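A look at the structure
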Amino acid sequence: AREAGGNTYRHYARGLTDYARERVTMSSELNRAIERDELQLHYQPLVDTASSRVTGLEVLVRWQHPERGMVLPDSFIRLAEETGLIIPLGAWVLRHACLQAREWEAAGIPFGRIAVNVSGVQIQRSDFARTLESILHETGLGAERLELELTETFVMDLREDAQQLLGDLKDLGIALAMDDFGTGYSSLAYLKGLPFDTLKIDRSFIGGLPDDPASAAIVTAITTLGNSLGFEVLAEGVETQAQRRFLIGVGCRRAQGYLFSPPVAPEAVVRLLTRAARH
Ligand code: C2E
Ligand code: CA
Ligand code: CA
Ligand code: CA
């Protein structure tokens, strides 16, 4: 739109710092990427900590940029949130993830459920629950096959609105996970009043296991309380057998991380799941 303004745009662009100019370029490219299907979804197994059995798949977006190659979400999700592009991007991710899951379901591939990351900006739109409902309807995926991951910081920002908003989502029959748990200073007492199914302990606490006493204490406390409050507790970023053994010891029944598998393309998911099923 600004380009159509000719002079106005050029004048405006000249006044920007390199950083800001880079952002302008990137957001128009991202906009195009959504329209031209340059986005891809990768999937990372969520597993049973002790048996490695796959219980679900987390959906992680990638951007296959024509010149820059594969771009990871940390470098464009925030920009997408700030520019509003997260709305079409988020809908694209949800629709494609549900379509893919429906396809696997039809082919008898035992993926458990898919877990999709949703941004606070996306969820706060008044029509989010309806959009989600129509995506489930369109794709034919059962709601019990879908989990949404929301970050702890976002949920805390919601305050009194959290109960209503999350309740509307739960009413659709989907599961809810609190992502990056432990980084946002919310209390387990506060959580108890919210309709979450899963707590995902942030990777930053797992890296120090088993030797760092603070990490060990935090992970033990979250797991013990989380289990007794009826949440499914999952540890993110598990990279070593020593970390896994610690988690099994404290009763953390779910895990995710490079020890089990990195995020992979859909074709590799099928190989991974059919291989696991045969063993
Ligand atoms: P997240 O939700 O915390 O996702 C987990 C991140 O940890 C992923 O990074 C994953 O590749 C990485 N990871 C998994 N296992 C390990 C491990 O063992 N060690 C280490 N060091 N890292 C591990 P990724 O794919 O780069 O995604 C980064 C973040 O971008 C995600 O963090 C999530 O917040 C956001 N994101 C990704 N896809 C979407 C999306 O579709 N929508 C939204 N709103 N956000 C997304
Ligand atoms: Ca996540
Ligand atoms: Ca996370
Ligand atoms: Ca994270």
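Residues numbered from 1 in each chain as written. Chains lettered and ligands numbered in written order. Predicted model: local features only at pLDDT ≥ 70, side-chain atom pairs only at ≥ 80, totals over all residues. Heavy atoms only, no water.

The protein is annotated in an unreviewed UniProt entry as cyclic-guanylate-specific phosphodiesterase of Thiocapsa marina 5811.

Moving on, we get to the coordination of the calcium ion (ligand 3). The coordination sphere of the calcium ion (ligand 3) contains the protein donors Asp179 (OD), Asp180 (OD), Glu236 (OE) and Glu236 (OE), at a distance range of 1.9 to 2.9 Å. We note that the donor set of the calcium ion (ligand 3) lies within a single chain, spaced as D-D-x55-E. In this structure aspartate 179 comes out as buried when scored by relative accessible area, which is 6%. The class for glutamate 236 is buried, based on a relative accessible area of 9%. (Donors = N, O, S within 2.8 Å, 3.2 Å for Na, K, Ca; no water. Buried < 20%, exposed > 50% of the residue type's maximum accessible area, 1.4 Å probe, protein only.)

Our next topic: the side chain of glutamate 29. Locating glutamate 29 in the fold gives a position in helix α2 (residues 18-35). Those residues in contact with glutamate 29, other than ones at most four positions away along the chain, are Trp63, His65 and Arg68. (Helix = DSSP H or I, 4+ residues; strand = E, 2+ residues; numbered from the N terminus. Contact = heavy atoms within 4.5 Å.)

Taken together, the protein ligands of the calcium ion (ligand 2) are Glu58 (OE), Asn117 (OD1), Glu149 (OE) and Asp179 (OD), with distances of 2.2 to 2.3 Å. Of note, the calcium ion (ligand 2) draws all its donor residues from one chain, in the sequence arrangement E-x58-N-x31-E-x29-D. The metal-metal distance between the calcium ion (ligand 2) and the calcium ion (ligand 3) comes to 3.8 Å, with aspartate 179 coordinating both. Here glutamate 58 is found in strand β2 (residues 54-65), whereas its partner aspartate 179 is found in strand β6 (residues 175-181), with 121 residues between them in sequence. The exposure classification of glutamate 58 matches that of aspartate 179, with both residues buried.

The next thing to look at is the pairing of strand β1 (residues 39-48). Among the 10 residues in β1, 9 count as buried, and that is most of the element. Relative to β2, β1 runs antiparallel, the two being bridged by 9 bridges. Within β2, the position partnered with valine 47 by the bridge is valine 54. Here β1 folds back onto β2, and the loop between the two strands holds 5 residues, one of which, serine 52, carries a positive phi near 70°. As defined by bridge partners, β1 adjoins strand β9 (residues 254-255) across 2 bridges and the pair is classed as antiparallel. Across the sheet, the residue bridging to valine 47 is alanine 255, located in β9. (Pairing = 2+ DSSP bridges.)

Our next topic: the site of ligand 1. Surveying the vicinity of ligand 1 reveals 21 residues, the closest of which are Gln44, Arg62, Arg203, Glu239 and Tyr258. Take arginine 203: an N or O atom from its side chain is 2.7 Å from an oxygen atom of ligand 1. Here an oxygen atom of ligand 1 sits 2.8 Å away from a polar atom, N or O, in the main chain of tyrosine 258. Relative to its unbound accessible surface of 810 Å², ligand 1 loses 85% to contact with the protein. At the level of secondary structure, the elements contributing two or more residues to the shell around ligand 1 comprise β2 and β6. (Near = heavy atom within 4 Å. Polar contact = N/O pair within 3.5 Å; in protein donor to acceptor, adjacent residues only side chain to side chain. Areas by Shrake-Rupley, 256 points an atom, 1.4 Å probe, with all protein chains shown as cover.)

With respect to the helices, strands and loops of the structure, threonine 223 is situated in helix α11 (residues 213-228). Linking threonine 223 and isoleucine 34, residues 189 residues apart in sequence, is a C-alpha distance of 39 Å. Apart from residues no more than four positions distant in its own chain, threonine 223 is found in contact with Ile201, Val233, Val250, Gly251 and Cys252. Within the local environment of threonine 223, its side chain forms a polar contact with the backbone oxygen of valine 219, the two atoms lying 2.7 Å apart.

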